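# Understanding the architecture of this molecule
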Amino acid sequence: MAIALAAGVVVLIPLLFGAGLVGLDDSSSGTCGAQAATQPGVSADAESAIPASFLRLYQHAGQQYGVPWNVLAAIGKRESDHGRDTKPGSGVQTDANSAGAAGPMQIGIGGRATNNWGGEPRHPASHKTGGVGVDGDGDGWVDVHDPADAIPGAARYLLDHGAPANLYQAIYAYNPDPGYVRAVLSLAASYAKGDFHTAADTGITIGECPGDVAAYTSMPGGVTAKVIAYAKAQLGKPYIWGAEGPDSFDCSGLTMMAYRAAGISIPRTSQTQYRHGKRIQPGTEQPGDLVFFHPGDSGPEHVGIVYQPNNGTMIAAPHAGAKVRYQSYKNYPGGPLGFTRPPYVG
């Protein structure tokens, strides 16, 4: 079956690969990026079972997106025997299966599987579809049946659904079957050289890890990436009411300047920003969207920038005496009043 026939709520289980926990908060020792990019070695089982061309693609996508390569490989084995499934109707090499899944990673292109790939199964890389499809080999085409595109596309999907911090959740979103998740993790363990085991929650805060946040947003032309990059560059700068940078910000000054960095003008205050953007249904927010709090007579009195929807994280300039930082918007006192997506220039 294909990616995400239905998403579910499951127990979130951080995973250990060798000695390092994938997806630790970047306030811990080392950096989040370095830990997320740490990849397991290749076992003898993997060497003998995985075609060399696929093994290279799994490893490259794992390193690029911070998703363990052996998890990608285990999904590839389960979905298509690493592209070797030639049964009629499988959709692995051409067309799609009965659920609407296609290619070696069985990514949805329609039907019950929905179109997670985005756009046509094969479309020019210049087309911005908002899906997970990627031109992995730089040939100018995004092709769900090409393993060089499909494998990084699967990594993007996992990234969008909680990886690398919550791989159980991400795999469950890929195929919402606990048995499937267990089989993938077991196979991934056989592909990894050295220790590989699930671990109970360590109590360490799962934070922000690297990934292509623009991979699953509907904003075109790198807008999201530019907004997020600007906001992240201001982390640690003090909140000062009325400030618009470069050395300090208030909440709406930060959001206004982040969008200005992407070439988009939005109003100055949280109240006018709330009225300016398109309203987004809670649960469908994406990186770069604005999230609002604290009802006032003329509108919300606080605003932040959605960073990681899968764990409810935003970047915000919180209040006097605080600094620009990551915060949870899901656990914010009083909860979010709503989300908006500022109009962009296509």
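Here the structure is shown first, and the text comes after it.
What comes next concerns the included structure.

### What to know about the overall build of the chain
Looking only at helices and strands, one finds 10 helices and 15 strands in the chain. Counting every position in the chain, which comprises 346 residues, the buried fraction comes to 53%. Intrachain contacts of the chain at a sequence separation of at least 6 include 57% that bridge at least 24 residues.

### Re the packing of helix H8 (residues 223-233) against helix H9 (residues 251-261)
Orientation of H8 relative to H9, taken along the N-to-C sense of each, is 135°, at an axis distance of 8 Å. Relative to H9, the element H8 is oriented oblique. Of the two elements, H8 crosses H9, and the hand of that crossing is right-handed. Residues Val223, Lys226, Val227, Tyr230 and Ala231 of H8 touch H9, and the partners they reach there are Leu254, Met257, Ala258, Tyr259 and Ala261. Taken together, the residues of the contact of H8 with H9 sort by class into nine nonpolar, no polar and one charged.

### Overview of the pattern of salt bridges
All told, the structure shown has seven salt bridges when counted by the stated rule. Here Asp81 makes a salt bridge to Arg84, at a shortest N to O gap of 3.0 Å. Overall, Arg84 belongs to the partly exposed group, its relative accessible area being 41%. The closest approach of N and O atoms between Asp250 and Arg268, which form a salt bridge, is 3.0 Å.

### Comments concerning the sheet that holds strand E14 (residues 325-328)
Pairing in this open sheet of six strands is antiparallel, and the strands run E10-E15-E11-E12-E13-E14 from one edge to the other. At either end of the open sheet lies a strand with only one pairing partner, and these are strand E10 (278-280) and E14. Neighbouring strand axes in the sheet, compared pairwise and without regard to direction, differ in orientation by 40° on average. Relative to strand E12 (residues 302-308), strand E11 (residues 290-293) runs antiparallel, the two being bridged by four bridges. For Leu290, the partnering residue across the bridge sits in E12 and is Ile305. Relative to the sheet, H8 contacts E12, strand E13 (313-316) and E14, its axis offset from that of E12 by approximately 110°.

### Quick word on the side chain of Asp143
Structurally, Asp143 is set in strand E7 (residues 141-143). Of the residues examined, Asp143 reaches a relative accessible area of 17% and is grouped as buried.

### Digging into the environment of Tyr239
Turning to its location among the elements, Tyr239 is positioned in the loop between H8 and H9. When the C-alpha positions of Tyr239 and Gly321 are compared, they lie 6.6 Å apart, and in sequence the two are 82 residues distant. In this view, Tyr239 contacts Phe249, Asp250, Cys251, Ala317, Pro318, His319, Ala320, Gly321, Ala322 and Lys323; residues no more than four positions away in its chain are not counted.

### Considerations on the environment of Ser248
Tracing the sequence through the fold places Ser248 in the loop between H8 and H9. The class for Ser248 is buried, based on a relative accessible area of 13%.

### Comments concerning the packing of aromatic side chains
The geometry of two aromatic rings is summed up by the distance between their centres and the angle between their planes. Scanning all chains against the criterion turns up seven aromatic pairs. The side chain of Arg279 reaches across the aromatic face of Tyr274, ending 3.9 Å from its centre.

### Focus: helix H6 (residues 167-174)
Counting buried residues in H6 gives eight out of eight residues, a clear majority hidden from the surface. Buried within H6 are the following residues: Leu167, Tyr168, Gln169, Ala170, Ile171, Tyr172, Ala173 and Tyr174.

### Regarding the pairing of E13
Side-chain alternation along E13 places Thr313 and Ile315 on one buried face and Met314 and Ala316 on a second face that is also buried. Note that E12 and E13 share three bridges and pair antiparallel. What sits directly across from Gln308, in E13, is Thr313. Hairpin connection between E12 and E13: a loop of four residues separates the two successive antiparallel strands, and Gly312 in this loop has a positive phi of roughly 70°. Bridging between E13 and E14 involves four bridges; their strand directions are antiparallel.

### What to know about the packing of helix H3 (residues 52-65) against helix H5 (residues 147-160)
Interhelical geometry of H3 versus H5 gives an angle of 35° and a closest axis separation of 9 Å. Note that H3 runs across H5; the crossing there is right-handed. Here Phe54, Leu57, Tyr58, Ala61 and Tyr65 of H3 come into contact with H5, specifically with Pro147, Ala148, Ile151, Pro152, Ala155, Arg156 and Leu159. Across the contact of H3 with H5, the residue classes break down as 11 nonpolar, no polar and one charged.

About the criteria used
- Residues numbered from 1 in each chain as written.
- Predicted model: local features only at pLDDT ≥ 70, side-chain atom pairs only at ≥ 80, totals over all residues.
- Heavy atoms only, no water.
- Helix = DSSP H or I, 4+ residues; strand = E, 2+ residues; numbered from the N terminus.
- Buried < 20%, exposed > 50% of the residue type's maximum accessible area, 1.4 Å probe, protein only.
- Contact = heavy atoms within 4.5 Å.
- Axes fitted to C-alpha atoms, helices over the stretch in contact; angles between N-to-C directions.
- Parallel < 35°, antiparallel > 145°, perpendicular 65-115°, else oblique.
- Left-handed = near helix turned anticlockwise from the far one by under 90°.
- Nonpolar A, V, L, I, M, F, W, Y, C, P; charged D, E, K, R; others polar.
- Salt bridge = Lys/Arg side-chain N within 4 Å of Asp/Glu carboxyl O.
- Pairing = 2+ DSSP bridges.
- Phe/Tyr/Trp six-rings, centres within 6.5 Å; stacked < 30°, edge-to-face > 60°.
- Lys NZ or Arg CZ within 6 Å of the ring centre and 35° of its normal.

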